[in-house]
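Chain by chain, the residues run as shown.
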Amino acid sequence: MNTLTKLARGLMGRTVSRESIGDAASTLALLPPELDGGLPLMQALQRRQSQRDFSPNALPAQSLSNLLWAAAGVNRPKLGGRTAPSAMNAQEIDLYVALPEGLYRFEAEAHQLRLQQAKDVRAVTGYQDFVDTAPLDLIFVADHRRMMLVPAKHRNAYANAAAGAMAQNVYLYCASAGLATVIRAWIDHDGLSKAMGLTQDEELLLAQTVGMPA
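Note that the coordinates shown come from a computational prediction; the quantities given were computed from them, not determined experimentally. (Residues numbered from 1 in each chain as written. Predicted model: local features only at pLDDT ≥ 70, side-chain atom pairs only at ≥ 80, totals over all residues. Heavy atoms only, no water.)

1. Thoughts on the nonpolar core
Part 1: Counting residues in hydrophobic clusters, the biggest one holds 37 residues, and the most contacted among them are Leu 68, Ile 93, Leu 136, Leu 138, Phe 140 and Val 210.
Part 2: Put simply, the parts of the chain that give this core at least two residues each are α3 (61–72), β5 (93–99), β6 (102–107), β9 (136–143), α4 (152–177) and β11 (202–211).
Part 3: Here this core gets nine residues from one element, more than from any other, and that element is α4.
Part 4: Contacts of Leu 68, omitting those with residues within four sequence positions, involve Leu 30, Gly 73, Leu 95, Val 97, Phe 106, Leu 113 and Leu 138.
Part 5: The next biggest cluster of nonpolar side chains, apart from the first, holds 14 residues, and it includes Ala 98, Leu 192, Met 196 and Leu 204. (Core = buried A, V, L, I, M, F, W, Y, C linked by side-chain atoms within 4.5 Å. Buried < 20%, exposed > 50% of the residue type's maximum accessible area, 1.4 Å probe, protein only. Helix = DSSP H or I, 4+ residues; strand = E, 2+ residues; numbered from the N terminus. Contact = heavy atoms within 4.5 Å.)

2. Focus on α3
Part 1: End to end, α3 covers 17 Å across 12 residues, agreeing with the expected 16 Å (1.5 Å per residue, within 8%).
Part 2: Within α3, nine of the 12 residues are buried, which leaves it mostly tucked inside the rest of the structure.
Part 3: Ser 63, Leu 64, Ser 65, Asn 66, Leu 67, Leu 68, Ala 70, Ala 71 and Ala 72 are the residues of α3 that are buried. (Expected span 1.5 Å × (residues − 1).)

3. Some points on the pairing of strand β10 (residues 180–184)
Part 1: When you tally the buried positions in β10, you get four out of five residues, the bulk of the element.
Part 2: For β10 and β11, the ladder comprises five bridges, and the chain directions are antiparallel. Across the sheet, residue Ala 180 finds its bridge partner in β11, namely Gly 211. (Pairing = 2+ DSSP bridges.)

Structure (structure tokens):
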């Protein structure tokens, strides 16, 4: 679907998800993340870039596991610490993964994906045409119910900072692993929130497309 069509459908309130492609398991256990190898940090920073041409082929299972761990995985099990910072350890950002077979939420402690909807919401994650066919789109959602210790006037800024840190982790992993990615804020927020079944306490912040370069 091209960008103009998406814009028109958004204005008419007709942004909807598609039927899933393939069967969606209720949970997807991820392989243990590989915690060695990859590029040195300075080389990954040098190669970090946004790319918008993606192969439709699914990511290898190991790459998907590594990607999600880099974004929001547990790196200090005894403390429950994550790879990205969160003010007051609120861990307010939920990371959703839009795959052809369904919409999943990443559960960091168990390192697994849990099905939220057996629908293909990739096309709803942005107005750009490439989001429809790229193998996965990440969606960053802030749950304000976890931020009660944060002053109300700071919650949005803190949540966006946390999501930005997670997105940069994704960029650096992709640079190291030879994957393509781009972060996106041009989204039909109402349409995607409705397609995902978000509540009034959950705020859609950003999306990020990931895949093999075309």
